[in-house]
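Commentary on secondary and tertiary structure
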Amino acid sequence: MKYCAHCGAEINDEAVVCVKCGCSTTKTDLPVVNKVNTLDVPSAGWAVLSFFFTWLGAIMFLVWRKSSPQKANSCAQGLAIATIVSAVFSTIVSIVWFFVFATYFDDIFSYFL
Ligand SMILES: [Zn+2]
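Residues numbered from 1 in each chain as written. Predicted model: local features only at pLDDT ≥ 70, side-chain atom pairs only at ≥ 80, totals over all residues.

1. Considerations on the overall build of the protein
Each helix and strand counted, the protein has three helices and two strands in total. Starting at the N terminus and walking to the C terminus, you meet the elements of the protein as β-β-α-α-α. For the protein, buried positions account for 18% of its 113 residues. Looking at the protein alone, contacts between residues at least 24 apart form 39% of all its contacts between residues at least 6 apart. (Helix = DSSP H or I, 4+ residues; strand = E, 2+ residues; numbered from the N terminus. Buried ≥ 20, exposed ≤ 12 C-beta atoms within 10 Å, placed from the backbone. Contact = placed C-beta atoms within 7 Å.)

Encoded structure:
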C-alpha cells in the first residue's frame, strides 16, 4: 500500500488515480533542478587567503564543505601548506636560536671559567 501525495489516503500500489481525491498518484514533483554549483571551482585566491589567514580558511572550509567542496578543498590546501610552512619555519627559527644562545652561553662560560 502507498499513500496519496495530495490527501494522504491509503491507495493501491497500482493505482494511478486516488479514489478519494481523484488526483494523479504519479510523481508530480517538478523536474529536478540542476543543483550542481557552477560557482564551485578550485580557487587559488582562497588557497592563498587560507595560507595567510588560517582562521578564515578554517571557517570557509567548514562553510563550503557541503555547498562548494572544490572551494573548501582550496581552503584546506592553503591551510595544509600554511601548517607545513609554519612547522618548517619554527624548526629553522629554533635551530637559529639554539646557535645564537649556544654562542651567548659560550661567552658566559668563558667569563666564569
Ligand atoms: Zn488523494
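2. Let's talk about the packing of helix H1 (residues 44-52) against helix H2 (residues 54-67)
Where H1 meets H2, the closest approach of the two axes is 5 Å, and the angle between their N-to-C directions is 130°. As judged from the angle between their axes, H1 and H2 are oblique. Between H1, through Trp46, Leu49 and Ser50, and H2, the contact on the second element is made entirely by Thr54, Leu56, Gly57 and Met60. Of the residues that constitute the contact of H1 with H2, the class distribution is four nonpolar, three polar and no charged. (Axes fitted to C-alpha atoms, helices over the stretch in contact; angles between N-to-C directions. Parallel < 35°, antiparallel > 145°, perpendicular 65-115°, else oblique. Nonpolar A, V, L, I, M, F, W, Y, C, P; charged D, E, K, R; others polar.)

3. Digging into H2
Under the 1.5 Å per step criterion, the end-to-end length of H2 is 20 Å for 14 residues, consistent within 8% with the ideal 20 Å. The sharpest bend along H2 reaches about 30° and sits at Phe61. If you check which residues of H2 are buried, you get Gly57, Met60, Phe61 and Trp64. (Expected span 1.5 Å × (residues − 1). Bend = angle between axes of the 7 residues up to and from the residue.)

4. Let's talk about the nonpolar core
Of all hydrophobic cores here, the largest spans nine residues; its members are Trp46, Ala47, Met60, Phe61, Trp64, Ala72, Cys75, Ala76 and Leu79. For this core, the elements supplying multiple residues, two or more each, are H1, H2 and helix H3 (69-112). Ranked by residue count, the leading element in this core is H3, at four residues. Those residues in contact with Ala47 that lie beyond four places of it in its chain are Ser74, Cys75, Gln77 and Gly78. (Core = buried A, V, L, I, M, F, W, Y, C linked by C-beta atoms within 7 Å.)

5. Thoughts on the environment of Trp46
Within the secondary structure layout, Trp46 lies in helix H1. Residue class for Trp46 comes out buried when judged on the 24 C-beta atoms lying within 10 Å of it. With 27 residues separating them in the primary sequence, Trp46 and Asn73 have C-alpha atoms 9.4 Å apart. When neighbours within four sequence positions are excluded, Trp46 is seen to be in contact with Met60, Lys71, Ser74, Cys75 and Gly78.

6. Remarks on the confidence of the model for the protein
When the pLDDT values of the protein are averaged, the result is 85; 89% of them are 70 or greater. At the level of individual helices and strands, the protein shows its lowest average pLDDT in strand S1 (residues 2-3), which scores 86, and its highest in H2, which scores 93. (pLDDT = per-residue confidence, 0-100.)

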